[in-house]
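Here is how the chains run, residue by residue.
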Amino acid sequence: MRSPHETAVELFRTSFGRTPERWVRVPGRVELLGNHTDYNAGLVLAAAIEPSLTCVVAARPDQHIRLISSAFPSEPIELHSLRTVRLDPGHWAGYVVAVCRELRAAGIPITGFDAAIDSTIPPGSGLSSSAALLVAAALTLGRLSHRTVAERLNVAQLCQRAEHRLGVHCGLLDYLTVLHAREGHAVHIDCRSLVVRNVRWPDTLALVLVDSGVRHRLTAGGYNRIRSDCEAAAKSLGVATLRELRAGSLRRENHRLTAAQRAVATHILEENQRVRSSVRAVRAADFRRLGELFTDSHRSSRDHLRNSCPELDAWIERARPLPGWLGGRLTGGGFGGMTLHLVQRRQLRAFLAALPKNANAQEGRPSSGVLEE
Ligand code: GLA
């Protein structure tokens, strides 16, 4: 079998008749705990996992941009100028264009280039294929212009601005995770101080992803609805972000909030606490506790954020009685995608064998982050 890198190089050669100069591989990411906490200046525990996206590029002597994706090999995209691009909302090439515009706005010259993309991250699955594409474009195109964006935080913020331009008002979790990941480690992010730490992930714990088959599009509005409820709640409570909230003040002031605002504020307050507890549980090898935190997080997302769906809930219930299961939750934006299950590794085989035959399940091992040349 060909590696994703070879597939991308081959696609580049056959599409453009030349050899690429630079490549980058960006993995998917899985949010282990901390649902919708990132843009509330909160805490997150996440990890990079295979599958991944590979982008290979070469500069052109003119201003033209040619793009090809292995998902649509017969539909090359050719752009003559970044100013007049017309693409359908959600079109994959729009992500590359948004990054180009942000790089230019950051003073990094973008001239013509050819790029080929190969991805094994299923779009809409909750593994953040969009962040992988944005990070890959930012890194390769920055390198082509020999004016790399210096810090990982700057790369992450540039990608975030690009994604906001595309209509999704996401936080920094996805980009910071893939930029900081280390093999065999989770990534613990404090989105207020922007301090990122790697936390050794125990070999005895397996992460199993079960695809609900429901494809979400974050631009569909649910994600932005949760975000605006969070911001409105913070405003009504007189705090800059929900990270500043204390349990006592939420109790005292909750008459100021609508029911939806009270629900999201309660979720964020408790979810930050769960992330803190999860890091302690990992370090203390208290895996039962970690599993409970996963399941509590799912319940809170479902009831407070209302970003679950019957298919996600059903996979949690189906997995619950199976051998080795410690806990499970939805992961990422929600409204579909994957459920994430924490399973004792010694019972992993029995767990996978006991899943219904139609389950689309895979183990996700914390992998290294971005690789580039
Ligand atoms: C998506 C967003 C992230 C984060 C999660 C929910 O993955 O891109 O910024 O908000 O949803 O935790």
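All values derive from a computational prediction rather than experimental measurement.

## Some thoughts on the pairing of strand β6 (residues 185-190)
Part 1 of the argument: Summarising burial for β6: 6 of the 6 residues are buried, a large majority.
Part 2 of the argument: Side chains His185, Val187 and Ile189 project from β6 onto one buried face, and the interleaved Ala186, His188 and Asp190 project onto a second face that is buried too.
Part 3 of the argument: Relative to β6, strand β2 (residues 43-59) runs antiparallel, the two sharing 4 bridges. In the sheet register, Val44 faces β6, and the bridge partner there is Ile189.
Part 4 of the argument: Across 6 bridges, the pairing between β6 and strand β7 (residues 195-200) is antiparallel. When the sheet's bridge partners are listed, Val187 is paired in β7 with Asn198.
Part 5 of the argument: The loop that links β6 with its antiparallel partner β7 comprises 4 residues; one of these, Leu194, has a positive phi angle of about 60°.

## Observations regarding the sheet that holds strand β11 (residues 361-363)
Part 1 of the argument: The 4 strands lie next to each other as β9-β10-β8-β11, forming an open sheet whose pairing is antiparallel. A single partner strand is all that each edge strand has here, and the edge strands are β9 (325-330) and β11. Between one strand axis and the next, the sheet turns by 25° as a mean value, whatever way the strands run.
Part 2 of the argument: Both strand β8 (residues 205-211) and strand β10 (residues 338-344) contribute to a ladder of 7 bridges, which runs antiparallel. Following the sheet pairing, Leu205 is matched in β10 by Gln344.
Part 3 of the argument: On top of the sheet, helix α9 (residues 287-305) reaches β8, β9 and β10; it is set at about 30° to β9, its chief contact.

## Considering the domain arrangement of the protein chain
Part 1 of the argument: Here the protein chain is partitioned into domain 1 (4-200) and domain 2 (205-363).
Part 2 of the argument: Centre-to-centre separation of domain 1 and domain 2, based on C-alpha positions: 25 Å.
Part 3 of the argument: Facing 39 residues of domain 1, the contacting portion of domain 2 comprises 43 residues.
Part 4 of the argument: Buried area between domain 1 and domain 2, summed over both chains or domains, comes out near 3200 Å², and the portion from carbon and sulfur atoms is 60%.
Part 5 of the argument: Counting every contact that joins domain 1 to domain 2 gives 3 salt bridges.
Part 6 of the argument: Here domain 1 is connected to domain 2 by 21 residue pairs in polar contact (both at pLDDT 80 or more).
Part 7 of the argument: When residues of the side of domain 1 that touches domain 2 are traced back to their parent elements, those giving at least two are β1 (22-33), β2, β6 and β7.
Part 8 of the argument: Per-class residue counts for the side of domain 1 that touches domain 2 are 18 nonpolar, 15 polar and 6 charged.

## Points about the packing of aromatic side chains
Part 1 of the argument: Throughout the structure, instances matching the rule amount to 2 aromatic pairs.
Part 2 of the argument: Judged by centre distance (5.7 Å) and plane angle (65°), the ring pair of Tyr39 and Tyr223 falls under edge-to-face. Here the residue Tyr39 occupies a position in the loop between β1 and β2, and Tyr223 occupies one in helix α6 (residues 222-237), the gap between them amounting to 184 residues. For the residue pair Tyr39 and Tyr223, the accessibility class agrees, reading buried in each case.

## Digging into the pairing of β2
Side chains on a regular strand alternate between the two faces of the sheet.
Part 1 of the argument: Among the 17 residues of β2, 15 are classified as buried, and the element is accordingly described as predominantly covered.
Part 2 of the argument: Pairing between β1 and β2: 11 bridges, direction antiparallel. Within the sheet, the bridge partner assigned to Val30 lies in β2 and is Ala47.
Part 3 of the argument: Two elements, β2 and strand β5 (residues 113-119), share 7 bridges in a ladder whose sense is antiparallel. Among the inter-strand pairings, Val56 is bridged to a residue of β5, identified as Ala116.

## Considering the nonpolar core
Part 1 of the argument: Judged by nonpolar contacts, the single largest core of 99 residues is most densely connected at Leu32, Leu67, Val96, Phe113, Leu141, Tyr175 and Trp201.
Part 2 of the argument: It is helix α3 (residues 129-144) that provides the largest number of residues to this core, a total of 11 residues.
Part 3 of the argument: Among the domains, domain 1 (4-200) and domain 2 (205-363) are the pair contributing at least three residues each to this core.
Part 4 of the argument: In contact with Leu67, not counting residues within four places along its chain, are Phe16, Pro76, Ile77, Leu79, Trp92, Ala93, Val96, Phe113 and Ala115.
Part 5 of the argument: In terms of nonpolar packing, the next biggest core, distinct from the first, is built from 13 residues, Ala206, Trp315, Val343 and Ala359 among them.

## Here we look at the environment of Leu293
Part 1 of the argument: With respect to the secondary-structure elements, Leu293 resides in helix α9.
Part 2 of the argument: For the pair Leu293 and Arg329, spaced 36 residues apart in sequence, the C-alpha separation works out to 9.3 Å.
Part 3 of the argument: Contact partners of Leu293, with chain neighbours within four places excluded, come to Leu33, Arg274, Ser277 and Ser278.

## Observations concerning the site of the ligand
Part 1 of the argument: Inspection of the region around the ligand gives 14 residues, with Arg29, Glu31, Asp38, Asp174 and Tyr223 positioned closest.
Part 2 of the argument: His36 is positioned such that a nitrogen or oxygen atom in its backbone is 2.7 Å from an oxygen atom of the ligand.
Part 3 of the argument: Computed on the free molecule, the ligand has an accessible area of 310 Å², of which 98% lies beneath the protein chains in the complex.
Part 4 of the argument: If you list the elements that add at least two residues to the shell around the ligand, you get β1 and α5 (173-180).
Part 5 of the argument: In terms of residue class, the shell around the ligand is built from 4 nonpolar, 6 polar and 4 charged.

## Points about the pattern of salt bridges
Should their charged atoms come close, side chains of opposite charge can pair.
Part 1 of the argument: Within this structure, the stated rule accounts for 23 salt bridges.
Part 2 of the argument: Across the pair Arg25 and Glu50 runs a salt bridge, and its minimum N-O distance is 2.2 Å. On the criterion of sequence distance, the pair formed by Arg25 in strand β1 and Glu50 in strand β2 is long-range, its members being 25 residues apart.
Part 3 of the argument: On the basis of relative accessibility, which here comes to 13%, the residue Arg25 falls in the buried class.
Part 4 of the argument: Owing to a relative accessible area of 38%, Glu50 belongs among the partly exposed residues under this scheme.
Part 5 of the argument: With a closest N to O distance of 3.2 Å, Arg161 and Glu102 form a salt bridge. Linking Arg161 in helix α4 (residues 152-165) with Glu102 in helix α2 (residues 92-105), this pair joins segments that are 59 residues apart in sequence.
Part 6 of the argument: One network of salt bridges, in which partners are shared, links Arg18, Arg60, Asp62, Arg66 and Asp114.

Rules of the game
Starting from 1, residues in each chain are numbered consecutively following that chain's sequence as written. Per-residue local features of the predicted model are confined to residues with pLDDT of at least 70, and side-chain atom pairs are confined, for both listing and counting, to 80 or more; whole-chain, interface and lining totals are unaffected and use all residues. Excluding hydrogens and water, the side-chain figures rest on all heavy atoms present in the structure. Three labels apply to residues, based on accessible area from a 1.4 Å probe with only protein chains included: buried if under 20% of the type maximum, exposed if over 50%, partly exposed otherwise in between. Think of it this way: any DSSP run of H or I at least four residues long counts as a helix, any run of E at least two long counts as a strand, and we number them from the N terminus. Criterion used throughout: strands pair if DSSP finds at least two bridges between them. Angles shown run from 0 to 180 degrees and are taken between the N-to-C directions of axes, each axis being a line fitted to C-alpha atoms and, for helices, limited to the stretch in contact. It only takes one pair of heavy atoms within 4.5 Å for two residues to be counted as in contact. Where a domain begins and ends is set by an automatic assignment or by a domain database. Two parts lose some accessible area (1.4 Å probe) when they are put together, and adding that loss for both gives the buried area. The rule for a salt bridge is simple: a side-chain nitrogen of Lys or Arg has to be within 4 Å of a carboxyl oxygen of Asp or Glu. In the analysis that follows, any N or O atom pair within 3.5 Å is treated as a polar contact, provided that within protein one partner can donate a hydrogen and the other can accept it, and provided that, for residues neighboring in sequence, both atoms belong to side chains. For this classification, the nonpolar set comprises Ala, Val, Leu, Ile, Met, Phe, Trp, Tyr, Cys and Pro, the charged set comprises Asp, Glu, Lys and Arg, and every other residue, Gly included, is treated as polar. A pair of Phe, Tyr and Trp rings is counted when the ring centres sit within 6.5 Å of each other, with Trp represented by its six-membered ring. The angle between the planes then sorts it: under 30 degrees is stacked, over 60 is edge-to-face, the rest tilted. As used in this record, nonpolar core signifies buried Ala, Val, Leu, Ile, Met, Phe, Trp, Tyr and Cys residues forming a set joined through side-chain atoms within 4.5 Å. Proximity is defined per residue: if any heavy atom of the residue lies within 4 Å of a molecule or strand, that residue is considered near it. Computed with a 1.4 Å probe, the accessible areas rest on the Shrake-Rupley method; for each residue, only the protein chains presented here act as cover.

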